[in-house]
Amino acid sequence: MHTHICPLGLSLQDQPREREMGGWRGILGFEYGIVLAPLGPDISGPELVAAVANAGGLGLLRAPDWESPDYVRDLIRKTRTLTDKPFGVGVVLAFPHKENIKAILDEKVAVLQLYWGECTEELVLQAHQAGVKVVPQVGRVEEAKKAIDAGVDAIIVQGREAGGHVIGQDSLFSLVPRVVDLVGDRNIPVIAAGGIVDGRGYVAALSLGAQGICVGTRFLATEESYAHPTYKRKLVELENTEYTDVFGRARWPGAPHRVLKTPFFQDWRNLPSHENEANQPVIGRSTIHGMEKEIRRFAGTVPNPTTTGDIESMVMYAGQSVGLIKEILPAAEVVKRLVEGAQLLIHQRFNSEIPGRSKLV
Ligand SMILES: Cc1cc2nc3c(=O)[nH]c(=O)nc-3n(C[C@H](O)[C@H](O)[C@H](O)COP(=O)(O)O)c2cc1C
């Protein structure tokens, strides 16, 4: 008997049964199992989220780190002018967020993504009453267990390879299968995050038992991302990253992050632990989520297109696979290459008969 697993490229419209069942490619009703990570502070804006949504992935906006419910509503509405597909919003629970979450639920987006804080049963219930799915990003098995107990709809598992803030210590290779085993036969898709930039990473994540991937750095380096052009250029030029705590120590203490090894970072990577951005010189200015901000040296905010000043000395988050990124692409092209790359890989590498066994693909 031949077991047939459908290739990645077919659209869900062709496979109504797969859509009903959630499928192994699409998650939470989205066409593909590809999630655009919320990119703080304002890098995954309406243009990028809409581009990913229109390409069949799940795009996540990023809410401000301060209460600004009207602004959040505007962000969501602006995104709706660019796509009629569903999308979500990410909230970092380490910062004030109650009013923002209320606005997100009032607007009934598809998904509320949560990070760096407790995803309570109460919050999950509240979201479900509004018809919004809850998807936390976790970095430890214990955190995944709490999320399952709280009744979440999917779990993003973040490995230490990830760009931006990194909540755990384990690599994806060890963490994803453990969370997959923990989830067992519950209908909670596991989504792998960290160092995935192409079809190879996508297939590897599927092999580990994940049903989807959450991609940050590869989507940072797209035409639609709200990163400053210099930051995008550095993502293409530089190949190495480091796990550090040099940036944003005062504003977000105890929050390590993975950054590009820029010349500025190399000079300051051993910053004494008592130093932080609070008493440093102002090196630039930025408008972040509509607010004018001074950027001090060692601040944790990446440059966006409004940023002026010494851009090269600002933090530039990136994941470990940044060395595989060779060009800035439209976000839809990133989605297409992930899907087609994974599809091709499965067909070329895993399509052979195992003697005496049934054909797998
Ligand atoms: C610039 C940048 C900003 C990020 N901001 C957030 C955030 O606000 N909330 C969050 O949950 N994750 C954030 N992340 C982490 C992502 O959710 C994800 O774990 C990571 O991007 C995956 O690794 P990759 O960058 O190698 O794809 C950020 C990542 C980057 C690169």
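Quick caveat: nothing in here was measured; it's all calculated off a predicted structure.

### Description of the sheet that holds strand β1 (residues 34-36)
The strand order around the closed barrel formed by eight strands is β1-β2-β3-β4-β5-β6-β8-β9, and the pairing between neighbours is parallel. Put simply, the sheet's adjacent strands are angled 25° from each other on average, direction ignored. Where β1 meets strand β9 (residues 212-215), three bridges bridge the pair, whose relative direction is parallel. For Val35, the partnering residue across the bridge sits in β9 and is Cys214.

### A look at the sheet that holds strand β7 (residues 164-165)
Think of a sheet as strands paired side by side through backbone hydrogen bonds, with each pair either parallel or antiparallel. Spatial ordering of the open sheet is given by β7-β11-β10, a layout of three strands whose pairing is antiparallel. A single partner strand is all that each edge strand has here, and the edge strands are β7 and β10 (241-244). Bridging between β10 and strand β11 (residues 257-260) involves four bridges; their strand directions are antiparallel. Note that in β11 the partner of Thr244 across the bridge is His257.

### Comments concerning the pairing of strand β8 (residues 190-193)
Of the two faces of β8, the one holding Val190 and Ala192 and the one holding Ile191 and Ala193 are both buried throughout. Pairing of strand β6 (residues 155-158) with β8, which is carried by four bridges, proceeds in the parallel orientation. Bridge assignment links Ile155 to a residue of β8, and that residue is Val190. Direction of pairing for β8 relative to β9: parallel, over a ladder of three bridges. If you follow Ala193 over to β9, its bridge partner there is Cys214.

### Thoughts on the domain arrangement of the chain
Once the domains are mapped, the chain shows domain 1 (12-225 + 330-349) and domain 2 (239-322). Each of domain 1 and domain 2 was reduced to a C-alpha centroid, and the two centroids are 25 Å apart. Counting residues at the interface gives 21 residues for domain 1, matched by 18 residues for domain 2. Here the residues of the side of domain 1 that touches domain 2 sort into nine nonpolar, nine polar and three charged.

### Here we look at helix α6 (residues 141-150)
Every buried residue of α6 is accounted for by Glu143, Ala144 and Ala147. End-on, the buried residues of α6 take up no more than an arc of 100°, which puts them together on one face. Among the exposed residues of α6, those pointing more than 90 degrees away from its buried face are Glu142 and Asp149. Summarising the contacts, the buried residues of α6 are in contact with β5 (133-138), β6 and α7 (172-183).

### With respect to the site of the ligand
Inspection of the region around the ligand gives 29 residues, with Gly40, Gly163, Gly164, Gly216 and Gly319 positioned closest. Elements represented by at least two residues in the shell around the ligand include exactly β3 (88-92), β9 and α9 (217-220).

### Re the pairing of strand β2 (residues 58-62)
Here β2 lies mainly inside the structure; five of its five residues are buried. Burial along β2 is two-sided: the face carrying Leu58, Leu60 and Arg62 and the face carrying Gly59 and Leu61 are both buried. As judged from the two bridges shared by β1 and β2, these two strands associate in the parallel manner. Directly across from Leu36, in β2, lies its bridge partner Gly59. At this point the chain moves from β1, through helix α2 (residues 46-54), to the parallel β2, and the crossover so formed is right-handed. Both β2 and β3 contribute to a ladder of three bridges, which runs parallel. The partner of Leu61 across the bridge, within β3, is Val89. Taken together, β2, helix α3 (residues 69-82) and β3 constitute a β-α-β crossover, and its handedness is right-handed.

### Here's the deal with the packing of helix α8 (residues 199-207) against helix α12 (residues 331-349)
Put simply, α8 and α12 touch, their axes get as near as 7 Å, and they point 65° apart. The angle between α8 and α12 falls in the class roughly perpendicular. Along this stretch, α8 crosses α12, giving a crossing that reads as right-handed. Touching Gly199, Arg200, Tyr202 and Val203 of α8 are Arg337, Leu338, Glu340, Gly341, Ala342, Leu344, Leu345 and Ile346, all from α12.

Conventions used here
Residues numbered from 1 in each chain as written. Predicted model: local features only at pLDDT ≥ 70, side-chain atom pairs only at ≥ 80, totals over all residues. Pairing = 2+ DSSP bridges. Helix = DSSP H or I, 4+ residues; strand = E, 2+ residues; numbered from the N terminus. Axes fitted to C-alpha atoms, helices over the stretch in contact; angles between N-to-C directions. Buried ≥ 20, exposed ≤ 12 C-beta atoms within 10 Å, placed from the backbone. Domains from an automatic or database assignment. Contact = placed C-beta atoms within 7 Å. Nonpolar A, V, L, I, M, F, W, Y, C, P; charged D, E, K, R; others polar. Arc of directions from axis to C-beta. Near = placed C-beta within 6 Å. Right-handed = clockwise from strand over helix to strand, strands pointing away. Parallel < 35°, antiparallel > 145°, perpendicular 65-115°, else oblique. Left-handed = near helix turned anticlockwise from the far one by under 90°.

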